[in-house]
Amino acid sequence: MSGARAAAQEFVEQYARDGALSAHSLEKAEFGVWDRVTPGALIIAAALLVDAEEPTLAETSARPGARVLSATLRDGLDGIALAQRYGEFRWDELPALILAYLNLPGMPSDALDTLLDEAESLWTEIVESGEVTRPRVRDGECGPWDAAEPATDMARLDRGVLRVPRLESAVLHPLTAGDRNVGVVVSLGDQALGLQVFRAPTGPLWDTVRPKVAQGVRDQGGSAEEAVGSLGFEVRAQVPVVRDGQRILQPTRIFACDGPGWLLRCTCAWPSAPAEWVDPRVHHLFTQTVVDLSAAEDSTGPAQEITAVEIRWPAGE
């Protein structure tokens, strides 16, 4: 039995025993590592197999995130657009689904072993194909989109230069710099992400800016490293912040995508280690945002290398 396989079994058994996932289980799962077989990968693969075998099992659950899980398993990251009205996804939806499957009438005592063995074979095949490590940004199916491009049809909130997908579970606030609204902050429960547009008149900027962003975090006393995931090249950081009078390191990820004449940057703050994995809602919000420089509040701003673009914010909101 491989180490990942044993840890995946421990993950399910710990949930079955305690009724909730521990921080240790979540950290050990390594949900954000897609280029090799990990406990988290086996748990996800097992859930995929369960959903294929019993396609109504997740939907019939009374758990608040069950339908979100079902849509995500069937439609990948695009499934979140279909499931947004059903609630928020939690990691404990995965072992809950697996346990519901194992408790079906007639299941043999070694059903978990069989399921995880099949999951290991499935995920090994997926990793070797390279599909899960292929960045899904501006690839013809996912954006971020420019206003001149045919974006996927969906409801969006118009904030001038930014048109952000509408999610019922999300709350939007302006991101301010002095007396200017320079972006949007989207709150998703215990997560938050900020979206900002920058002018890029000289061409793509992210490859140039990314090392500077990482060094800026280090200069503040935090840590940062460059990495690549389903949203392309990014910075994964521990950013110093003050909370309740105490200085802590906030797990933060910074994504960005170059478009025609612009750079869209997404800064995401998570409370815990498993957030290396990209929440489907974050993926949906980032890759389905539309950028429209013609609607910028400061469309006559200076043509310097990179300029934060002001957004529109309705009065009274």
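Only a predicted model underlies this, so the values are computations on that prediction, with no experimental measurement involved.

## Topic: the overall build of the chain
Argument step 1. Of the regular secondary structure elements, the chain holds nine helices and 12 strands.
Argument step 2. Out of the 317 residues in the chain, the part that is buried amounts to 49%.
Argument step 3. Within the chain, contacts between residues at least 6 apart in sequence are counted, and of these 60% link residues at least 24 apart.
Argument step 4. Taken as a whole, the chain presents about 14800 Å² of accessible surface, with 50% of it coming from carbon and sulfur.

## Overview of the sheet that holds strand β11 (residues 290–291)
Argument step 1. Read from one edge of the open sheet, four strands run β1-β11-β3-β2, paired in mixed fashion. The open sheet has two edge strands, β1 (145–146) and β2 (156–159), and neither has a second partner.
Argument step 2. For β2 and strand β3 (residues 162–165), the ladder comprises four bridges, and the chain directions are antiparallel. Across the sheet, the residue bridging to D158 is R163, located in β3.

## Comments concerning the confidence of the model for the chain
Argument step 1. Model confidence for the chain is summarised by a mean pLDDT of 84, while 86% of its residues fall at 70 or above.
Argument step 2. Confidence over residues 80–86 falls short of pLDDT 50; this stretch has 16 contacts with residues more than four positions distant or in other chains.

## As for the pattern of salt bridges
Where charged atoms of side chains with opposite charge meet at close range, the side chains can pair.
Argument step 1. Within this structure, the stated rule accounts for 13 salt bridges.
Argument step 2. We note a salt bridge from R17 to D18, for which the minimum N-O separation is 3.6 Å.
Argument step 3. Looking at D18, the relative accessible area reads 47%, which means it is partly exposed.
Argument step 4. For R210, the salt bridge is made with E226, and the minimal N-O distance between the two is 2.8 Å. Of this pair, R210 sits in helix α8 (residues 206–219) while E226 is found in strand β7 (residues 223–229), placing the two residues 16 residues apart along the sequence.

## Things to note about helix α9 (residues 280–287)
Argument step 1. Taken across its eight residues, α9 has eight buried, putting it largely inside the fold.
Argument step 2. P280, R281, V282, H283, H284, L285, F286 and T287 are the residues of α9 that are buried.

## Describing the packing of helix α3 (residues 39–53) against helix α6 (residues 93–102)
Argument step 1. Interaxial distance between α3 and α6 falls to 9 Å at its minimum, and their mutual angle equals 45°. In terms of axis orientation, α3 runs oblique to α6. Like other packed secondary-structure pairs, α3 and α6 cross with a definite hand, here left-handed. On the side of α3, the interface is formed by I43, I44, A46, A47, V50 and E53, while α6 contributes L94, L97, I98 and Y101.
Argument step 2. Residue composition of the contact of α3 with α6, by class: nine nonpolar, no polar and one charged.

## Quick look at unusual backbone geometry
What you tend to see is this: most non-glycine residues have negative phi, and most peptide bonds are trans.
Argument step 1. Put simply, G143 and P144 share a cis peptide bond, and its omega is 5°.
Argument step 2. Within the secondary structure, P144 sits in the loop between α7 (111–129) and β1.
Argument step 3. One non-glycine residue with positive phi stands out, namely R138, at about 45°.
Argument step 4. Along the polypeptide, R138 turns up in the loop between α7 and β1.
Argument step 5. With phi around 55°, D244 is a residue other than glycine that occupies positive phi space.
Argument step 6. Mapped onto the elements, D244 comes out in the loop between β8 (232–243) and β9 (246–259).

## Concerning empty space enclosed by the protein
Over the atoms, a rolled probe matching the size of one water molecule traces out where space is still vacant.
Argument step 1. In total, this model carries three cavities of 30 Å³ or more according to the counting rule given.
Argument step 2. Here the largest cavity is characterised by a volume of approximately 50 Å³.
Argument step 3. Forming the walls of the largest cavity are A7, E10, F11, S25, K28, A29 and P39.
Argument step 4. The set of elements that each furnish at least two residues to the lining of the largest cavity consists of α1 (3–18) and α2 (23–29).
Argument step 5. A class-by-class count of the residues in the lining of the largest cavity yields four nonpolar, one polar and two charged.

## A short note on the nonpolar core
Argument step 1. Residues F31, L94, L97 and I98 are the most contacted members of the largest nonpolar core, which totals 36 residues.
Argument step 2. No other element matches the eight residues that α3 contributes to this core.
Argument step 3. Among the nonpolar cores identified, the runner-up in size contains 29 residues, and L188, C266, V282 and L285 belong to it.

The rules we used
Residues numbered from 1 in each chain as written. Predicted model: local features only at pLDDT ≥ 70, side-chain atom pairs only at ≥ 80, totals over all residues. Heavy atoms only, no water. Helix = DSSP H or I, 4+ residues; strand = E, 2+ residues; numbered from the N terminus. Buried < 20%, exposed > 50% of the residue type's maximum accessible area, 1.4 Å probe, protein only. Contact = heavy atoms within 4.5 Å. Areas by Shrake-Rupley, 256 points an atom, 1.4 Å probe, with all protein chains shown as cover. Pairing = 2+ DSSP bridges. pLDDT = per-residue confidence, 0-100. Salt bridge = Lys/Arg side-chain N within 4 Å of Asp/Glu carboxyl O. Axes fitted to C-alpha atoms, helices over the stretch in contact; angles between N-to-C directions. Parallel < 35°, antiparallel > 145°, perpendicular 65-115°, else oblique. Left-handed = near helix turned anticlockwise from the far one by under 90°. Nonpolar A, V, L, I, M, F, W, Y, C, P; charged D, E, K, R; others polar. 1 Å grid on protein atoms, 1.4 Å probe; cavity = no way out; pocket = protein on both sides within 12 Å on 5 of 7 lines; lining within 4 Å. Points joined across faces, edges and corners; volume = space filled by probe spheres on them. Core = buried A, V, L, I, M, F, W, Y, C linked by side-chain atoms within 4.5 Å.

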